[in-house]
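# A closer look at the structure
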Amino acid sequence: MRRRAFLTSVAAAGVGALIPAERFFAQTKSVRIDVHHHIVPPSLLQALGTQRLGGASANWNINQALEAMDQGGVSTGMTSIAPAGDPFSDRSTAVRLCRESNEYAARLVADHKGRFGIFASLPLPNIDASLREIEYAFGTLKADGVGLFTSYGDKWLGDPAFNPVFEELNRRNAIVYTHPNTANCCKNLLPNVGDGAIEWGTDTTRAIAQIVFGGAAARYPNVQMIFSHGGGTMPFLIERFTAMARSAQFAPKFPQGFTGVAGKFFYDTAQVANPAAMSALTKVVPTSQIVFGTDYPFRTLAEHVKGLKDCGVFNPAQLQAIDQNALKLLPKFKIA
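The structure reproduced in this document is the subject of the present report.

Calculation notes
Residue positions are counted from 1 within each chain, in the order its sequence is given. Whole-chain, interface and lining totals are the exception, using all residues; otherwise, since this is a predicted model, local features are given only for residues with pLDDT of at least 70 and side-chain atom pairs are given and counted only at 80 or more. Side-chain measures here rest on the full set of heavy atoms in the structure, leaving out hydrogens and waters. In this description, a line fitted to the C-alpha atoms serves as the axis of each element, helices being fitted only across the stretch in contact, and the angle between N-to-C directions of two axes falls anywhere from 0 to 180 degrees. Helix and strand labels come from DSSP, where a helix needs a run of H or I of at least four residues and a strand needs a run of E of at least two; each type is numbered from the N terminus. Here is the rule for angles: anything less than 35 degrees is roughly parallel, anything more than 145 is roughly antiparallel, 65 through 115 is roughly perpendicular, and the remaining ranges are oblique. Two helices that cross are described as forming a left-handed crossing if the nearer one is turned anticlockwise from the farther one by less than a right angle, and a right-handed crossing if clockwise. It only takes one pair of heavy atoms within 4.5 Å for two residues to be counted as in contact. The nonpolar class holds Ala, Val, Leu, Ile, Met, Phe, Trp, Tyr, Cys and Pro. Asp, Glu, Lys and Arg form the charged class, and all remaining residues, Gly among them, are polar. Ring pairs shown here join Phe, Tyr and Trp side chains whose ring centres sit within 6.5 Å, with only the six-membered ring taken for Trp; geometry is labelled stacked below 30 degrees between planes, edge-to-face above 60, and tilted in between. Lysine NZ or arginine CZ positioned within 6 Å of the ring centre and within 35 degrees of the ring normal marks a charge as sitting over the ring.

### Focus: the packing of helix α8 (residues 127-139) against helix α9 (residues 163-171)
If you want to describe how two helices pack, look at the angle between their axes and the distance between the axes. Contact pair α8 / α9: the axes reach a minimum separation of 9 Å and the direction vectors enclose 20°. Classified by the interaxial angle, the pair formed by α8 and α9 is roughly parallel. In terms of crossing hand, the pair formed by α8 and α9 is right-handed. Each of I127, S130, L131, I134 and F138 in α8 lies in contact with α9, whose residues at this interface are P164, V165, E168 and L169. For the contact of α8 with α9, the per-class residue count stands at seven nonpolar, one polar and one charged.

Right, dumping it as structure tokens:
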């Protein structure tokens, strides 16, 4: 009778017809939040086309996403748009596609209670439109944060051009999830080697360096930053950044050094759930600043769970902490 009542409640919520009932019973009873979980709204697919988006994005659908979440024991996926196909590069369509993508994410949240959150897209570098979208995303859609690319054209996050947006996000105590992108300088540098293989890790590092050494981290202390892929190449360049922070130019601004600032950011595990990357990251930031992320649908959730467990860097308590560290930012996704 309890199962029948449960199925009745699901159907009443408009979800039962879309998803097999068994999937709900397979959900984990513990929290594992995927902060790096991409979706592909139908309007984005229609606007860009399957060839431009590529296979993983072009084949995305909600039922497969939920199945992958269940297989990986993920309770909640924080939705964002990947840079695949450079989706918001056309200024004539960027505002509309951001709005439609955010509204689609909000529908997923409404239709699948507790399974999804929203990191809303902004049509940067259009500042005025981005400010309007922030108001709509937080005020109307009740977004959990915003999802930004690390660079736009020839500017990285932390550049003064983006100050009005970060001032507003700081006022709202907002979460800013970041995903690497390819800046104008660095497209297709190596033949037969995609930008994501090398350049995206570097682009994340450029954004971190700009935010720290450019002063944005100090100007906007209320913004909670999440960087993808374990901070890119930052952990491997830590000696250089530490030395810069001790130099005469920067030392007065960084009494606690580079890690005193960078150690307050959060870093996800997407595509870095391996011994080398995790060993390096944990030498730079405490485990409390590492959050679970997968880069779905480009990688599976289950392989990240396995990778973190098998990498030999974390004990069981630390693995559970990584699953749940995002609750510091997103307490509403705690399972009662």
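### A word on unusual backbone geometry
Residues apart from glycine generally show negative phi values, whereas peptide bonds are mostly found in trans. Here the residue pair L124 and P125 is connected by a cis peptide bond, since its omega of 10° sits within 30 degrees of zero. Along the polypeptide, P125 turns up in the loop between β3 (116-121) and α8. The phi dihedral of N173 falls on the positive side, at around 55°, and the residue is not glycine. Relative to the helices and strands, N173 resides in the loop between α9 and β7 (175-179). One non-glycine residue, H229, lies in the positive phi region at around 55°. With respect to the helices and strands, H229 occurs in the loop between β8 (224-227) and α12 (238-246).

### Details of the packing of aromatic side chains
Scanning the entire structure with this criterion turns up 14 aromatic pairs. An aromatic cluster is present here, built from F213, F241, F250, F254 and F258 joined pairwise through their rings. The ring of F292 has R32 sitting right over it, with the charged end atom 5.8 Å from the ring centre. Directly above the ring of Y136 sits R99, whose terminal nitrogen or CZ lies 3.7 Å from the centroid.

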